[in-house]
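Listed here are the chains, written in short residue letters.
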Amino acid sequence: MIKSSDDPRPLHFVLVPFMAPGHMNPMVDLGKLLACRGVYVTIITTPQNSQRFKSTADRAHQTGLPLKFHSVEIFPENCENLDSVVSLEAISKFFEMANLLEEPLKIYLKESSPSCIVSDFIFSWSSKLAMELELPRFVFYSMSCFTLACVETLKEREGGRESEIDLKKSFIVPEIPHEIELNGEQTYVFVNSSEIDEANSTADGFVVNSCMDIETEYEEIYRTKKGRSIWTIGPVALCNTDMTDKSNRGLTSSSTSNATILSFLESMDPKSVVYVSFGSLSGTSATQMKELCLGLMDTGHPFVLVVRSKNNSMEIESWLENTQFEERNKKNGLVVRGWVPQVMILTHPSTGGFVTHCGWNSTLEGISAGVPMVTWPGFADQFLNERLVVDVLKTGVAVGAKERVLFWEEVLSVKRAKISMAIGELMGGEEEAVKRRKRASELSEIVNKAMDVGGSSVNNLNALIQQVTSIVDKKKPKSKS
Ligand code: UDP
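So, how was this worked out
- Residues numbered from 1 in each chain as written.
- Predicted model: local features only at pLDDT ≥ 70, side-chain atom pairs only at ≥ 80, totals over all residues.
- Heavy atoms only, no water.
- Helix = DSSP H or I, 4+ residues; strand = E, 2+ residues; numbered from the N terminus.
- Rg over C-alpha atoms; globule rule 2.2 N^0.38 Å.
- Buried < 20%, exposed > 50% of the residue type's maximum accessible area, 1.4 Å probe, protein only.
- Contact = heavy atoms within 4.5 Å.
- Areas by Shrake-Rupley, 256 points an atom, 1.4 Å probe, with all protein chains shown as cover.
- Near = heavy atom within 4 Å.
- Polar contact = N/O pair within 3.5 Å; in protein donor to acceptor, adjacent residues only side chain to side chain.
- 1 Å grid on protein atoms, 1.4 Å probe; cavity = no way out; pocket = protein on both sides within 12 Å on 5 of 7 lines; lining within 4 Å.
- Sits in = over half its atoms within 2 Å of the grid points.
- Pairing = 2+ DSSP bridges.
- Right-handed = clockwise from strand over helix to strand, strands pointing away.
- Points joined across faces, edges and corners; volume = space filled by probe spheres on them.
- Nonpolar A, V, L, I, M, F, W, Y, C, P; charged D, E, K, R; others polar.
- Arc of directions from axis to C-beta.
- Disulfide = S-S within 2.5 Å.

## Section: the overall build of the protein chain
Secondary structure summary: the protein chain contains 20 helices and 15 strands in total. Taking 2.2 N^0.38 as the reference for a compact globule, 481 residues should give roughly 23 Å; the C-alpha atoms of the protein chain span a radius of gyration of 22 Å, in line with that estimate. The dimensions of the protein chain, computed from C-alpha atoms along their principal axes, are 80 × 55 × 45 Å. Per-residue burial over the protein chain gives 59% buried out of 481 residues. For the protein chain, contacts bridging at least 24 residues in sequence account for 73% of all contacts bridging at least 6. Total accessible area on the protein chain stands at roughly 19,900 Å², and carbon and sulfur atoms take up 51% of it.

## Notes on the site of the ligand
With respect to spatial proximity, 18 residues lie near the ligand, and among them Ser 280, Val 340, Asn 361, Ser 362 and Glu 365 are the closest. Between the ligand and Gln 342, the relevant distance is 3.3 Å, taken from an oxygen atom to a side-chain nitrogen or oxygen of the residue. A distance of 2.5 Å separates an oxygen atom of the ligand from a polar side-chain atom of Ser 362. Surface burial for the ligand is 95%, taken as the share of its 530 Å² of free accessible area covered by protein chains. In a pocket analysis with a 2 Å cut-off to the grid points, the ligand is assigned to the largest cavity.

## Overview of the pairing of strand 4 (residues 116–120)
For strand 4, the tally of buried residues reaches five of five residues, placing the bulk of the element in the interior. Neither face of strand 4 is exposed, since Cys 116, Val 118 and Asp 120 on one face and Ile 117 and Ser 119 on the opposite face are all buried. As defined by bridge partners, strand 4 adjoins strand 5 (residues 137–141) across four bridges and the pair is classed as parallel. Its bridge partner lying in strand 5, Ser 119 is registered against Val 139. In the classification by handedness, the crossover that spans strand 4, the intervening helix 6 (residues 126–132) and the parallel strand 5 is right-handed.

## A few points about empty space enclosed by the protein
This model, assessed by the stated rule, comprises nine cavities of 30 Å³ or more. Empty space within the largest cavity amounts to approximately 670 Å³. Forming the boundary of the largest cavity are 41 residues, of which Gly 22, Ser 280, His 357, Gly 359 and Asn 361 lie nearest the centre. Those elements that provide at least two residues to the lining of the largest cavity are helix 1 (21–36), strand 10 (273–277), helix 15 (342–346) and helix 16 (360–369). Taken together, the residues that form the lining of the largest cavity break down as 22 nonpolar, 14 polar and five charged.

## Here we look at the layout of surface pockets
It is a probe the size of a water molecule, rolled over the atoms, that shows where empty space is left. Roughly 390 Å³ of internal volume is contained in the largest pocket. Counting residues per element, the ones that place at least two in the lining of the largest pocket are helix 1 and helix 3 (54–63). For the lining of the largest pocket, the element with the highest residue contribution is helix 3, accounting for four residues. Residues that form the lining of the largest pocket fall into these classes: eight nonpolar, four polar and six charged.

## Comments concerning helix 9 (residues 216–226)
Of all the positions in helix 9, only Tyr 218, Glu 219, Ile 221, Tyr 222 and Lys 226 are classed as buried. Down the axis, helix 9 shows its buried residues gathered within 160° of arc, on one side only. Turning to helix 9, the residues buried within the fold contact strand 5, helix 7 (145–155), helix 8 (194–200), strand 8 (206–208), strand 9 (230–232) and helix 17 (382–392). Within two residues after helix 9, Gly 227 carries a phi angle of roughly 65°, on the positive side.

## Topic: the state of the cysteines
Such a bond, covalent and formed between the sulfur atoms of two cysteines, is termed a disulfide. Scanning all chains against the criterion turns up zero disulfides. Cys 36 provides the cysteine sulfur closest to Cys 239, a residue in no disulfide bond, and the two sulfurs are 7.3 Å apart. You can call Cys 239 buried: its relative accessible area is 17%.

So this is what it looks like as structure tokens:
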């Protein structure tokens with residue numbers, strides 16, 4: 001157990017994730033990494049969200065890992081995770097409800113007096129709470145340093161925030177080492193608010209799920225702009241090393257068992273399968289889904305396609321049935337409704353390409369697995385992540401999605417021909433495709449090394465623990481001797 005020098009109690013980190021898979025998965029992974037180093041970890045969430053990580057909690061218990069979940073009831077309705085919200089109107093309500101965590105968290109913190117809290121950047125109220133209780137607080141971001149640096153740079157731009165600038169007008173992001181062209185709509189990172197800025201200004205530092213070895217310059221820019229400590233400690237998903245961890249991570253309901261997905265992948269040639277998924281929140285519109293299915297089929301490459309429908313499931317299902325899409329592609333295609341074990345699929349030797357919405361976790365999981373990507377962003381930080389993958393890391397092919405599409409808006413932004421062309425380019429044997437695959441596998445090696453003994457992310461995590469240890473030590477009243 002890790003203890004501070006003159007306190008008999010072990011270090012205790014309280015982690016407070018926002019209730020969405022893109023926030024909870026990396027925070028739970030961070031919890032596992034800390035617990036493996038002997039730090040006591042408590043993850044504060046709600047009953048349904050704890051249930052999603054039951055296998056993680058059970059495994060921790062069996063193996064003596066000091067990690068547990070503490071559940072509090074705050075949502076009156078049966079909807080405790082952003083991925084279960086089914087209407088656009090209900091989204092802002094969900095954010096409001098999530099803030100109800102403040103009171104029960106306060107009670108828990110008073111009772112348990114931990115060493116520090118690590119709270120999601122969305123929970124800006126945790127700043128006030130930590131100050132009141134005199135607790136060290138670290139802000140957790142599962143975002144690229146590239147996004148964080150660009151957002152900081154753009155804040156200083158003439159015209160200020162996105163609401164005041166022409167959203168469709170392209171510009172080059174100033175003061176950064178690469179030539180990155182974006183428009184205001186694509187930089188609308190909805191969490192870029194003054195409350196968050198204010199809360200960040202009182203934090204003891206930032207814990208970022210990224211790896212400084214692949215975005216060194218951007219980590220530097222962000223650190224300089226914020227003028228405080230940053231620990232890049234990722235890719236945290238790499239802590240899921242065995243099949244049980246990979247396949248059960250954040251599991252929710254699915255039409256297809258993990259065993260079926262695995263046996264499909266096993267039956268395919270190495271690096272031949274295209275995995276298509278748009279994360280946990282984006283539900284492709286029915287018209288867009290049809291184009292995607294057709295474009296995918298045109299390429300002739302084997303595929304695993306995840307269909308995440310919201311209000312439009314009837315229309316999508318009847319199209320799939322009427323066209324016998326699954327039947328016609330049953331030899332080399334698998335359609336899965338609902339949740340898939342993404343890390344298991346990406347790290348399978350048969351997976352050779354990833355069509356992604358560029359959520360940061362998915363992007364980083366793709367990088368970690370050494371899989372090149374077709375980038376298809378929709379909103380939030382996704383357009384920025386696309387630019388990182390395509391223009392900086394050069395392991396992606398942009399499908400050509402230019403407009404912001406929120407969650408599951410009924411929009412058709414990319415046609416069949418463009419989809420098959422981008423996938424063909426990614427999976428093909430052209431010189432550039434071969435080079436792209438090589439770069440992807442080199443990046444994978446770099447980030448895997450960072451998470452190994454002596455690697456930058458491991459060193460940073462140890463430095464974070466050390467930082468908390470010294471803060472705790474300083475807070476102790478000096479002994480009289
Ligand atoms: N995820 C998964 N299975 C799914 C959908 C998502 O395991 O069917 C995981 C994925 O591996 C990632 C997270 O959920 O860790 C999604 O986060 P991301 O930032 O990629 O996108 P978001 O869902 O927030 O848009």
